[in-house]
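Here are the chains, one letter per residue:
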Amino acid sequence: MSKKGDFGAVKKDIEALMHQPEYDDGSAGPVLVRLAWHSAGTYDAETDTGGSNGAGMRYEAEGGDPANAGLQHARVFLEPVKAKHPWITYADLWTLAGVVAIQQMGGPTIPWQGGRTDYVDDSKIPPRGRLPDGALGADHLRFIFGRMGFSDQEIVCLSGAHNLGRCHSDRSGFDGAWVNNPTRFSNQYFRLLLSLQWRKKKLSNGIEQFVNFDDDTGTELMMLPTDIALTQDPIFRQWVIKYADDKELFFKDFSSVFSKLIELGIQRDENGHITNIDNEKGGYHS
Ligand code: ZEM
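Basis of the calculations
- Residues numbered from 1 in each chain as written.
- Predicted model: local features only at pLDDT ≥ 70, side-chain atom pairs only at ≥ 80, totals over all residues.
- Heavy atoms only, no water.
- Helix = DSSP H or I, 4+ residues; strand = E, 2+ residues; numbered from the N terminus.
- Rg over C-alpha atoms; globule rule 2.2 N^0.38 Å.
- Areas by Shrake-Rupley, 256 points an atom, 1.4 Å probe, with all protein chains shown as cover.
- Donors = N, O, S within 2.8 Å, 3.2 Å for Na, K, Ca; no water.
- Salt bridge = Lys/Arg side-chain N within 4 Å of Asp/Glu carboxyl O.
- Buried < 20%, exposed > 50% of the residue type's maximum accessible area, 1.4 Å probe, protein only.
- Expected span 1.5 Å × (residues − 1).
- Bend = angle between axes of the 7 residues up to and from the residue.
- 1 Å grid on protein atoms, 1.4 Å probe; cavity = no way out; pocket = protein on both sides within 12 Å on 5 of 7 lines; lining within 4 Å.
- Points joined across faces, edges and corners; volume = space filled by probe spheres on them.
- Nonpolar A, V, L, I, M, F, W, Y, C, P; charged D, E, K, R; others polar.
- Domains from an automatic or database assignment.
- Contact = heavy atoms within 4.5 Å.
- Buried area = accessible area lost by both parts, 1.4 Å probe.
- Polar contact = N/O pair within 3.5 Å; in protein donor to acceptor, adjacent residues only side chain to side chain.
- Pairing = 2+ DSSP bridges.
- Axes fitted to C-alpha atoms, helices over the stretch in contact; angles between N-to-C directions.
- Disulfide = S-S within 2.5 Å.

Caption draft 1: Spatial organisation of the overall build of the protein chain. In terms of helices and strands, the protein chain carries 11 helices and five strands. In terms of overall size, the protein chain behaves like a compact globule, its C-alpha atoms giving a radius of gyration of 18 Å where 286 residues would be expected to give roughly 19 Å. Dimensions of the protein chain, computed from C-alpha atoms along their principal axes, come out at roughly 60 × 40 × 40 Å. Split by element, the accessible area of the protein chain, about 13000 Å² in all, is 49% carbon and sulfur.

Caption draft 2: Structural detail: the coordination of the zinc atom of the ligand. For the zinc atom of the ligand, the sole protein-derived donor is H162 (NE2), lying 2.2 Å away. Turning to its location among the elements, H162 is positioned in the loop between α7 (152-159) and β1 (166-167).

Caption draft 3: Up close: the pattern of salt bridges. Here the structure, examined in full by the defined rule, presents 14 salt bridges. R166 serves as the salt-bridge partner of D25, at 2.9 Å between the closest nitrogen and oxygen. You can see D25 sitting in the loop between α1 (7-17) and α2 (29-40) and its partner R166 sitting in strand β1, a full 141 residues away along the chain. For R166, a relative accessible area of 32% puts it in the partly exposed group. A network of salt bridges, in which partner residues are shared, links D92, R116, E263 and R268.

Caption draft 4: Fine view of helix α4 (residues 72-84). The end-to-end C-alpha distance of α4 is 19 Å, a good match for the 18 Å that 13 residues give at a rise of 1.5 Å each. Of all the bends found along α4, the most pronounced is centred on L78 and spans about 35 degrees, while P80, a proline, follows it within four residues. All buried positions along α4 are accounted for by A74, R75, F77, L78, V81 and K82.

Caption draft 5: Here's a closer look at the environment of G137. Following the sequence through the fold, G137 ends up in the loop between α5 (90-104) and α6 (138-148). It is 28 Å that separates the C-alpha atoms of G137 and D24, two residues lying 113 residues apart in sequence.

Caption draft 6: Region of interest: empty space enclosed by the protein. Considering all chains together, one arrives at two cavities of 30 Å³ or more under this definition. The calculated volume of the largest cavity comes to roughly 40 Å³. In terms of lining residues, the largest cavity is bounded by T42, A61, E62, D65, P126, P127, R128, R130 and L131. Residue composition of the lining of the largest cavity, by class: four nonpolar, one polar and four charged. In this model, the second largest cavity occupies a volume close to 30 Å³. In terms of lining residues, the second largest cavity is bounded by Y23, D24, D25, S27, P30, V31, G165 and T183.

Caption draft 7: Highlighting the domain arrangement of the protein chain. Each assigned domain of the protein chain is listed here: domain 1 (7-131 + 259-278) and domain 2 (138-253). Inter-centroid distance (C-alpha atoms) of domain 1 to domain 2 is 22 Å. Counting residues at the interface gives 27 residues for domain 1, matched by 18 residues for domain 2. Roughly 1900 Å² is buried in total at the junction of domain 1 and domain 2, and carbon and sulfur atoms are behind 60% of that figure. It is D25, M105 and K260 that lose the most area in domain 1 upon contact with domain 2, and together they represent 26% of the buried surface on that side. Seen at the junction of domain 1 and domain 2, the total is two salt bridges. Here domain 1 and domain 2 share 11 residue pairs in polar contact (both at pLDDT 80 or more) between them.

Caption draft 8: Examining the sheet that holds strand β3 (residues 199-202) more closely. One open sheet accounts for three strands, arranged β3-β4-β5; its pairing is antiparallel. Two strands bound the open sheet, and with one partner strand each, they are β3 and β5 (219-223). Mean inter-strand twist for the sheet, computed between neighbouring axes without regard to direction, equals 50 degrees. As paired elements, β3 and strand β4 (residues 208-214) share four bridges and run antiparallel to each other. What sits directly across from R199, in β4, is V211. Helix α9 (residues 225-232) contacts β4 and β5 of the sheet and is inclined by roughly 80 degrees relative to β4.

Caption draft 9: Spatial organisation of the state of the cysteines. Within the structure shown, the criterion is met by zero disulfides. For C157, which is in no disulfide, the shortest distance to another cysteine sulfur is to C167 and amounts to 19 Å. A relative accessible area of 8% means that C167 is categorised as buried.

Here's what the structure looks like:
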């Protein structure tokens, strides 16, 4: 048991669980990043509902959303950390784990602040259908991310997280990894979007994705229709080119935009204390 508010101790324990030889590509990292993103990506700026506060994925209404299939693996990885540091809220733990995972996989340092609550405010529960559908296109991306308050540039930048991890046919129905080294954060996703030939492939479950088969190595990489849409929309495409050319720029922008993502729906005073949640109901000031 660490001292309440000792996020450094929690970080160390998250780092220690990253290596998972029996799981996927040997790392818990990618699925932890996806957990952080899905916990926050339900935010709607207009109604101020959804977002990482509340850690609603613990409950059926949000956790049982088909869009969140597979994220129980990430939550299970983190249970021992929660048990060891019971003072941390799940909402903080999940967002912190995403940040630690990105950094540990070679990505940028991302500013993170604690103080989220696990109190579920029934009036803030997001309806299902707020997360993006990989089978759709540019208009859908603008609709979904615009609702959270993100610009075209930020949409492209955030999509760079697909440098990590893979699709699982038993979770989303899509299948495969975007890059050859899916546990190393880089701008390779953008470079491959532009440099490889992507052809449409219908999987045996009827789902369509884009693939590239490399005869030399015998490996097949994939892209979602939404990933390919980034190369077809002229404004998105400019950012794909920029991030493919400039890894430093991508890292810098990704750090800001991921930090913005995990702060959606959270208001803080100048000391970083959250002002829009009731601390009597499970929040705390660190
Ligand atoms: Zn993803 N994502 N995502 N994403 N994502 C998957 C996997 C991962 C979309 C999407 O449909 C999917 C962002 C944006 C978008 C990650 C991070 C982030 C999968 C595969 C799908 C289908 C799930 C499976 O089968 O396990 C769509 C349409 C997006 C709109 C742009 C953003 C933003 C992310 C973080 C910043 C990560 C890390 C994974 C890999 C998960 C894993 O288990 O390996």
